[in-house]
Amino acid sequence: MRKYTIRRIFMAVVTLLVVACLTFILMNAIPGNPWLSEKAPSQATIDALNAKYGLDQPVPVQMVKYLGNILHGDFGTSIKMQKNRAVLSIIMEMFPVSAKIGSIALLWAVLVGVPLGCLAAFKRGTWVDSLLRIVCTLGISMPGFVVATILLHTLCGGISGVKVFPALFDGSAKSYVLPCLALGFYPMCYLSRQTRTAMLDSINQEYIKTAKAKGLKNNKIIFKHALRNALIPVITYLGPQIAFTLCGGLVVERVFSIPGLGRYFIQSIQNRDYPVIMGTTIFLATFIIIMNLVVDLCYKLVDPRINLSNGGH
Amino acid sequence: MAENKRYKKFGSLQPNVDDIMKWNAELPENAFEPATSEEKENFIQDRKSVSYWKDAWRRLRKNTVAMVALAIIIILTLFAFVGPMVVPYTYKQQIRGSEALGLSHYTYEDIQAIHAYIEEHTGTGVLSPDEAVEQARAEAEANGKKLSRIEEAKIRAQASVNAESSEAEEETITESQAAKELGLKKKPFGYSEKELERKASGEKVFPHVFGTDDQGRDIMVRVMVGTRVSITVGICAALLVLIIGAVYGSISGYCGGAVDAVMQRIVEMIYSIPEMLIILLLSATLKPALEQFQNSGNGILQKLVTILGPNLISMFIAFGLLYWVTMSRIIRGQILQLKQQEYVTAARALGAKGGRIIRRHLLPNCIGQIVTTTFLQIPSAIFLESFLSFVGVGVSAPLTSLGSMCSEALSGLNTYPYRLFIPAVILSLMILSLNLFGDGLRDALDPRLKK
Amino acid sequence: MSEDKKQKLLEVKNLHVSFFTPAGEVKAVNGISYDVDYDEVMGIVGESGSGKSVEAYSIIGLLQSPGKVMEGSITLEGEDMLAKTSSEMVDYRGSQVAMIFQNPMTCLNPVYTIGNQLTEALRAHDKSISKEDADKRAMEMLEQVGINNVEKRMKQYPHELSGGMRQRVMIAMGLICHPKLLIADEPTTALDVTIQAQILELMKELQKKNHMGIIFITHNLGVVAEVCDKVSVMYAGKMVEQGPVDEIFYEPGHPYTMGLLRSMPRVDAESYERLIPIEGSPVDMLNPPEGCPFAPRCEHAMKVCLQKMPPYVELGDNHRAACWLRVQDAIEAQKKEGTEGKKNE
């Protein structure tokens with residue numbers, strides 16, 4: 001386990017480094033310079049700006065310097081959207097909103113999706129199973145903006161007389177409801193499908209046959225033997241879902257006009273505010289990679305097969 | 001006979017004599033002649049042997065959901081590829097005078113009746129200030145007088161007050177009110193008045209089934225083209241993923257050892273990279289680079305970039321870089337598993353080359369899983385494309401896609417909800433049927449997985 | 001005869017089991033009958049897919065849909081097992097009839113300790129037993145199956161044990177409630193040969209101690225010779241031969257049994273003797289042919305074999321086979337006797 005943990009952490013660090021370098025290299029591959037805007041500045045101005053932001057040095061030096069700065073929490077400053085404001089401070093202002101919506105969405109997705117998946121597995125072949133299967137396949141087939149706009153249109157005044165929730169995000173508890181609902185719908189359906197598969201897989205395992213041959217009651221077989229084994233793989237699906245929820249937030253934040261990091265990120269791409277793009281990418285990537293790492297280690301903790309043996313793979 | 005229950009001993013054989021006699025009587029003449037090998041062969045061949053693909057197709061056909069999904073996929077494909085040939089408009093054609101049409105229209109006769117009704121019922125008694133002054137002047141001249149400036153100003157002020165109050169009190173009659181009064185109903189499809197005139201004069205005018213947008217572009221054609229873009233992107237991405245994944249996975253699985261170890265570390269790393277972020281990053285950074293390249297000359301590559309648009313290209317690059325990992329893992333796993341089996345060792349011992357072994361022995365064994373994974377890549381690529389287009393870094397103008405149409409329609413959601421919901425429904429329906437059919441395909445091709 | 005009338009432990013009569021797959025009905029078990037008495041080991045031999053396991057699952061009530069018992073009866077100590085409701089069967093399983101499965105690697109739940117899985121069987125049938133008592137019984141049982149260091153083992157997870165050790169645990173789990181009938185479905189197939197011998201030895205020992213009947217399902221005739229008292233040979237859902245173990249080995253009546261014996265390695269064989277495989281592969285169970293299912297692979301196949309299923313011919317005490325060759329023998333013997341009788345008259 002320890003060997004595995006160390007190896008896994010090492011891999012995560014390497015991945016992070018690769019992502020950071022990739023981001024930096026891509027940003028440097030952009031032709032021209034970031035100062036090109038409506039009116040072309042004079043060469044002297046450009047030189048001065050380059051010197052100010054350290055762009056006159058060779059690329060590898062710049063990269064090492066940039067990475068070093070990141071370690072100190074210095075992500076550079078915005079050059080367009082909020083001129084001269086530190087990127088980190090922008091992230092710190094925007095991220096909590098996104099994180100709050102994301103975590104609520106994921107929470108309800110897990111709390112509803114996993115039991116629904118179990119239900120579908122137990123009722124396999126019945127109309128409950130068919131209904132859930134269609135709903136969940138629909139759920140993973142509808143892009144986030146479709147779900148979000150349907151909710152926005154039907155419940156926020158699009159249909160006359162129905163205005164249950166505010167159309168504009170104002171930070172009140174009520175205005176969180178729809179974004180979280182929209183954002184959690186996909187992971188809910190996804191988790192439910194995966195849980196169903198895992199549960200059926202588990203029910204077909206031979207140890208279930210053993211448990212039956214022992215004369216255990218049906219309930220005990222399902223809740224003790226099948227469920228626990230089924231839930232272990234479901235944990236692994238959480239990692240990608242965290243990433244997905246964060247990125248899905250980009251769309252939901254746009255539809256509901258939420259001042260979150262996702263919307264800001266998209267705006268920065270449209271405005272070509274490179275330090276913001278770079279900083280946000282690296283920040284979000286770090287967050288996602290760390291969450292993946294945590295989920296992975298949790299998985300190994302719950303599964304005794306790996307927990308007690310040395311290493312594992 | 002009373003001795004029916006007598007048993008006879010024939011060495012160690014102890015059957016009932018009556019039974020023996022019965023068997024003997026019932027047997028055909030040549031019963032105990034040895035069967036020829038031909039007869040044995042026929043005996044086996046009498047039973048239908050079903051090939052893998054036939055069997056899979058039979059299972060698939062029995063799956064109603066999958067077949068309905070397949071039908072929807074076919075209809076959507078026809079809609080996307082044949083549709084634009086039928087409709088006489090193009091997706092970027094801005095039709096003058098047909099801006100912002102809705103989903104329905106009044107016929108030409110109805111419209112004229114409505115206009116007449118509106119004219120009739122809109123009061124002409126209220127004059128604008130200038131008109132009032134003009135009228136007063138004319139009156140005064142007729143009386144041989146001349147209006148003083150002060151009087152003129154008074155009349156002007158009075159008239160404007162009148163106009164204001166009449167605007168507030170007397171509502172102008174709208175089209176829908178007039179139609180209601182006249183008992184006229186809207187017919188489906190959008191036509192502009194000009195088009196109605198042309199239609200009335202006997203010309204054939206193709207309707208705007210889904211209306212037009214603010215720039216006068218036919219929405220149905222745009223939806224068709226958008227669907228076409230989505231399907232094409234999906235298929236290309238799936239093929240790209242298949243090729244890269246298959247090559248990478250085969251090499252990794254077949255070589256094994258250190259090569260495999262290194263290649264798997266790379267896969268592991270790509271797995272934990274958040275692909276969505278990288279795609280956004282790529283489209284942000286590659287776009288200027290590609291634009292520069294596009295303007296750098298007039299070669300074939302430059303033209304290709306122009307046709308596809310820089311965003312689409314960066315999307316494909318991202319697919320090629322990141323999305324093949326699942327496919328490569330599947331293929332590697334299969335190959336590792338199959339590599340151990342005897343027939344591969346045998347083929348190797350007979351001197352078959354590596355490539356041949358992969359082609360002839362390994363791939364046929366995992367073809368079911370490969371087909372399923374490739375197919376399911378199509379809806380996921382379409383899903384991603386729509387996401388990126390919605391966010392604004394996907395398919396770029398003038399080309400359109402379902403995602404970018406939804407994005408454009410978002411601002412006018414409350415006025416023209418159908419402009420968003422039509423592409424959204426088609427998009428969801430397409431991904432849904434692709435997913436359902438993919439599920440069916442998986443069940444049919446890999447019966448072991450069928451639950 | 002009075003001995004026959006004494007109640008047997010298990011009687012299976014004319015059992016038919018079918019699977020209803022989308023492709024059609026598969027008659028996995030097609031009219032088999034046998035009985036097992038206390039203190040008796042009955043072997044069921046046949047290649048994979050011949051219906052051995054299906055037949056065993058129907059005894060213990062674990063037949064899963066789309067499988068269904070179509071015809072026949074199963075009685076355990078005079079009680080009709082097929083008439084029982086599923087909740088009655090739950091009480092029967094484990095306490096009256098226990099089953100050991102083929103693969104000890106996958107048959108133990110990987111996320112629970114050995115102790116947990118052992119005691120849960122006990123407590124399922126005896127609600128009043130305390131945790132300490134259950135633990136004690138479980139440890140006794142583990143010792144009985146030859147596992148040392150019991151206290152440590154109780155706290156271990158299945159993956160920490162070797163294959164042989166796990167199969168011992170499986171046996172302990174099967175026997176912990178002292179069942180009257182034990183069904184062992186290829187219990188040694190997944191194990192090393194040396195471990196196999198140990199496990200077989202152990203099973204025989206425990207059988208003597210508990211006076212239970214055992215149904216031993218295998219495709220390994222060597223194992224049959226070692227442990228079984230009588231043998232049923234199955235082919236394509238049908239029982240082609242049945243008899244005491246010695247007669248099956250020394251006077252086989254069905255070409256399939258002969259083929260099995262010839263394809264088995266023997267220690268006493270001459271060094272130049274070659275193993276002879278049975279050519280061809282089993283029939284398609286979806287579209288079973290009219291005649292004898294073994295006919296296409298049978299070197300003695302006759303015209304009648306391809307047209308009709310042969311009847312059973314008694315070859316000795318409790319030894320019978322279904323083969324036209326034996327029918328032919330009988331008819332010829334009868335004719336001979338008839339002519340001899342006429343002559344004598």
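Residues numbered from 1 in each chain as written. Chains lettered and ligands numbered in written order. Predicted model: local features only at pLDDT ≥ 70, side-chain atom pairs only at ≥ 80, totals over all residues.

Before going further, it helps to examine the overall build of chain C. For chain C, the helix and strand inventory stands at 12 helices and 12 strands. Here chain C holds 345 residues, and 46% of them are scored as buried. At a minimum sequence separation of 6, the contacts of chain C that also span at least 24 residues come to 64%. (Helix = DSSP H or I, 4+ residues; strand = E, 2+ residues; numbered from the N terminus. Buried ≥ 20, exposed ≤ 12 C-beta atoms within 10 Å, placed from the backbone. Contact = placed C-beta atoms within 7 Å.)

Right, let's get into the pairing of strand 10 (residues 238-244) of chain C. All names here are of chain C. In terms of residue burial, strand 10 counts as a mostly covered element, since six of its seven residues are buried. When strand 9 (residues 230-235) meets strand 10, the two strands line up antiparallel, connected through six bridges. Residue pairing for strand 10: Lys 230 is matched across the bridge by Pro 244. Between the antiparallel neighbours strand 9 and strand 10 lie two residues, among them Ala 236 with a positive phi of about 50°. Pairing analysis gives two bridges linking strand 10 to strand 12 (residues 319-322), with the strands arranged antiparallel. Residue Gln 242 lies in a different strand from strand 12, and its bridge partner there is Arg 320. (Pairing = 2+ DSSP bridges.)

As a further point, take the UniProt feature "transmembrane region" (unreviewed entry) in chain A. All names here are of chain A. The sites that carry the UniProt feature "transmembrane region" (unreviewed entry) are, in the present numbering, residues 9-30, 101-122, 134-155, 175-192, 230-256 and 276-299. Across residues 101-122, the secondary structure splits into 100% helix and 0% strand, with the terminal C-alpha atoms separated by 32 Å. The straight-line gap between the two end C-alpha atoms of residues 175-192 is 26 Å; of that span, 100% is helix and 0% is strand. (UniProt positions renumbered as here; feature names shortened; annotations may be inferred.)

Contacts between chain C and chain A engage 25 residues on the former and 18 residues on the latter. Breaking the side of chain C that touches chain A down by element, the ones donating at least two residues are helix 3 (86-92), strand 6 (97-100) and helix 4 (114-125) of chain C. In terms of residue count, the dominant contributor to the side of chain C that touches chain A is helix 4 of chain C (four residues). Each residue belonging to the side of chain C that touches chain A can be placed in one class, and the counts come to 14 nonpolar, seven polar and four charged. (Nonpolar A, V, L, I, M, F, W, Y, C, P; charged D, E, K, R; others polar.)

Below, the discussion takes up the environment of Asn 28 of chain A. Residue and element names in this part refer to chain A. Structurally, the position occupied by Asn 28 is in helix 1 (residues 2-28). Given 14 C-beta atoms within a 10 Å radius, Asn 28 is considered partly exposed. Separated by 34 residues in the primary sequence, Asn 28 and Gln 62 place their C-alpha atoms 9.9 Å from one another.

The subject of this paragraph is the sheet that holds strand 5 (residues 79-80) of chain C. Residues and elements named next belong to chain C. If you trace the four strands from one edge of the open sheet to the other, you get 2-1-4-5, paired in antiparallel fashion. Of all the strands in the sheet, the pair left with one neighbour each is strand 2 (24-36) and strand 5. Pairing of strand 1 (residues 10-21) with strand 4 (residues 67-76), which is carried by eight bridges, proceeds in the antiparallel orientation. When the sheet's bridge partners are listed, Phe 19 is paired in strand 4 with Gly 67. Each of strand 1, strand 2 and strand 4 is contacted by helix 2 (residues 52-60), which is oriented at about 110° to strand 1, the strand it contacts most. (Axes fitted to C-alpha atoms, helices over the stretch in contact; angles between N-to-C directions.)

Of all hydrophobic cores here, the largest spans 256 residues; its most connected members are Ala 148 of chain A together with Ala 172, Ile 176, Ile 183 and Cys 305 of chain C. Every residue in contact with Ala 148 of chain A, bar those within four places of it in the chain, is listed here: Ala 182, Val 251, Val 252, Val 255 and Phe 256 of chain A. (Core = buried A, V, L, I, M, F, W, Y, C linked by C-beta atoms within 7 Å.)

A word on the sheet that holds strand 12 of chain C. Residues and elements named next belong to chain C. Reading across from one edge, 6-7-8-3-9-10-12-11 is the order of the eight strands in this open sheet, with mixed pairing throughout. Two strands bound the open sheet, and with one partner strand each, they are strand 6 and strand 11 (312-316). Here the strands of the sheet are splayed against their neighbours by 20° on average, with no regard to which way each runs. Where strand 6 lies against strand 7 (residues 181-185), four bridges are found, and the strand directions are parallel.

Here the focus is the pairing of strand 3 (residues 41-45) of chain C. Residues and elements named next belong to chain C. Counting buried residues along strand 3, five of its five residues qualify, which places the element largely inside the surrounding structure. Neither face of strand 3 is left uncovered, since the one carrying Val 41, Gly 43 and Val 45 and the one carrying Met 42 and Ile 44 both have all their residues buried. Where strand 3 meets strand 8 (residues 213-218), five bridges bridge the pair, whose relative direction is parallel. Across the sheet, the residue bridging to Gly 43 is Phe 216, located in strand 8.

Facing the 41 residues of chain A at the interface are 37 residues of chain B. The set of elements that each furnish at least two residues to the side of chain A that touches chain B consists of helix 1, helix 5 (127-141), helix 6 (144-155), helix 9 (218-255), helix 10 (261-271) and helix 11 (274-302) of chain A. Examining the composition of the side of chain A that touches chain B, we find that nine residues originate from one element, helix 1 of chain A, more than from any other.

Moving on to the confidence of the model for chain A. For chain A, per-residue confidence averages 81 on the pLDDT scale, and 89% of positions sit at 70 or higher. Throughout residues 307-313 of chain A the model reports pLDDT below 50, and contacts reaching past four residues in sequence, or to other chains, amount to 11 contacts. (pLDDT = per-residue confidence, 0-100.)

Residues and elements named next belong to chain C. One way to put it is that helix 4 packs onto helix 5 (residues 131-144) with a least axis distance of 9 Å and a crossing angle of 110°. Comparing their axes, helix 5 and helix 4 come out roughly perpendicular. Between helix 4 and helix 5 lies a crossing of right-handed hand. On helix 5, the residues touching Gly 115, Leu 118, Thr 119, Leu 122 and Arg 123 of helix 4 are Ala 134, Asp 135, Arg 137, Ala 138 and Met 141. A breakdown of the residues in the contact of helix 4 with helix 5 according to their chemical character gives five nonpolar, two polar and three charged. (Parallel < 35°, antiparallel > 145°, perpendicular 65-115°, else oblique. Left-handed = near helix turned anticlockwise from the far one by under 90°.)

On to unusual backbone geometry, then. All names here are of chain C. Backbone geometry at Asn 14 places phi at a positive 50°, although glycine is not the residue there. Among the structural elements, Asn 14 can be located in strand 1. Located in the positive-phi region is His 211, a residue other than glycine, with phi close to 55°. Mapped onto the fold, His 211 is located in the loop between helix 8 (193-210) and strand 8.

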